[in-house]
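# Per-entry structural report
In case you want the letters, here they are:
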Amino acid sequence: MNPTETWFAELLKERGVALTPLQLQQFQRYFELLVEWNEKMNLTGITDREAVYEKHFYDSVTLSFFMRMDEFASIADIGSGAGFPSLPLKICFPHLKVTIVDSLNKRIQFLRHVVETLKLENVSCVHGRAEDIGRMPELRDAFDLVTARAVARLSGLNELCLPFAKKGGTFAAMKGSDPAEETQEAKRSLRELKSEYRETHHLKLPFEQSDRHIIIIRKLAETPSKYPRKVGLPLKQPIL
Ligand code: SAM
């Protein structure tokens, strides 16, 4: 193991996530593909091995520090970009059935290649806008867990993400700096989307020590048929 893999495996093990050699190999291959494809398309501004493992891989898996992943069977990751947080979570918790939605087709092509190369089963990568995909009957009110990392402000993000969660399901919005203000601002959108705020978890990345927050929302009832509104509206005119 190289030094990066050593700290990565050790820190995750301390949090109860024990990785096998195969899982470490999958992260290694994911890192290589990310750097290789990043030369042809814009996937990430971070390509240094240490930084990718800390700010993308480790950061994605932090969600599992606060919730038991074995309680979730299905997860939808909205605006996944280069696969965060869902692919690191899938590598660590192979039982998850993952659906990724992103509006940039090139990123979806990259993700399909990663999924195939890493031989990840039960991962489907869907190209499209969450506003449209969230109306597809098989994906609406359907998932145990919905995630979105660094996609948009919560008031608009709720409308993009909550339609995917099943009644009783969870939405976890992963953020950088303190989201207290945007959480306040998102109160009405939560009511409209039949959901309630639960809590916000705070952590720091292990080396860089930058702040991370995970907002936990619970969906109480099915999404009203008027949501999500037309493409663009949730972020341009959020429910306030
Ligand atoms: N979640 C990733 C991460 O943490 O690295 C990517 C974050 S990136 C800033 C936001 C992603 O959301 C982009 O890949 C973009 O294509 C996607 N996106 C933005 N609006 C979207 C929408 N309405 N529907 C689906 N994907 C969207």
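To start, this report covers the structure provided alongside it. (Residues numbered from 1 in each chain as written. Predicted model: local features only at pLDDT ≥ 70, side-chain atom pairs only at ≥ 80, totals over all residues.)

## A look at the pairing of strand E7 (residues 211–219)
By the bridge criterion, six bridges tie strand E5 (residues 165–175) to E7 in an arrangement that is antiparallel. Note on E7: the bridge partner recorded for threonine 170 is arginine 218. Judged from the nine bridges that link them, strand E6 (residues 195–204) and E7 form a sheet pairing that is antiparallel. Residue pairing for E7: histidine 202 is matched across the bridge by histidine 213. Joining the antiparallel neighbours E6 and E7 is a turn of six residues, in which glutamine 209 adopts a positive phi near 65 degrees. (Pairing = 2+ DSSP bridges. Helix = DSSP H or I, 4+ residues; strand = E, 2+ residues; numbered from the N terminus.)

## Considerations on the nonpolar core
Nonpolar side chains tend to gather and get buried jointly when the protein is soluble and globular. The biggest cluster of nonpolar side chains holds 58 residues, and the ones touching the most others in it are Ile78, Val146, Leu157, Cys161, Phe171 and Ala173. If near-sequence neighbours (up to four positions away) are discounted, phenylalanine 171 is found in contact with Val146, Cys161, Leu162, Ala165, Ser195, Ile217 and Lys219. (Core = buried A, V, L, I, M, F, W, Y, C linked by C-beta atoms within 7 Å. Buried ≥ 20, exposed ≤ 12 C-beta atoms within 10 Å, placed from the backbone. Contact = placed C-beta atoms within 7 Å.)

## Re the site of the ligand
Surveying the vicinity of the ligand reveals 17 residues, the closest of which are Gly79, Gly81, Ser103, Ala130 and Arg149. Where the shell around the ligand is concerned, the elements lending two or more residues are strand E2 (97–102) and helix H7 (130–133). Split into classes, the residues belonging to the shell around the ligand amount to eight nonpolar, four polar and five charged. (Near = placed C-beta within 6 Å. Nonpolar A, V, L, I, M, F, W, Y, C, P; charged D, E, K, R; others polar.)

## So, the sheet that holds E7
If you trace the seven strands from one edge of the open sheet to the other, you get E3-E2-E1-E4-E5-E7-E6, paired in mixed fashion. Among the strands making up the open sheet, the edge pair consists of strand E3 (123–127) and E6. For this sheet the average axis-to-axis angle between neighbouring strands, irrespective of direction, equals 20 degrees. Sheet strands in contact with helix H6 (residues 105–117) are E2 and E3, and its direction is about 165 degrees off that of E3. (Axes fitted to C-alpha atoms, helices over the stretch in contact; angles between N-to-C directions.)

## Quick look at the environment of asparagine 38
If you trace the backbone, asparagine 38 turns up in helix H2 (residues 21–38). Considered as a pair, asparagine 38 and serine 103 are 65 residues apart in the sequence and their alpha carbons are 18 Å apart. Among all residues touching asparagine 38, those that are not within four sequence positions of it are Leu43, Thr44 and Thr47.

## Here we look at unusual backbone geometry
Negative phi characterises most residues that are not glycine, and trans characterises most peptide bonds. The step from phenylalanine 84 to proline 85 runs through a cis peptide bond, and the omega angle for that step is 10 degrees. Checked against the element boundaries, proline 85 lands in the loop between strand E1 (74–78) and helix H5 (86–92). Following tyrosine 227, the chain continues into proline 228 via a peptide bond in cis, with omega recorded as -5 degrees. If you trace the backbone, proline 228 turns up in the loop between E7 and helix H11 (233–236). With a phi close to 60 degrees, asparagine 122 is a non-glycine residue in the positive phi region. Relative to the elements of secondary structure, asparagine 122 occurs in the loop between H6 and E3. One non-glycine residue with positive phi stands out, namely lysine 194, at about 55 degrees. For lysine 194, the location among the structural elements is in the loop between helix H10 (187–192) and E6.

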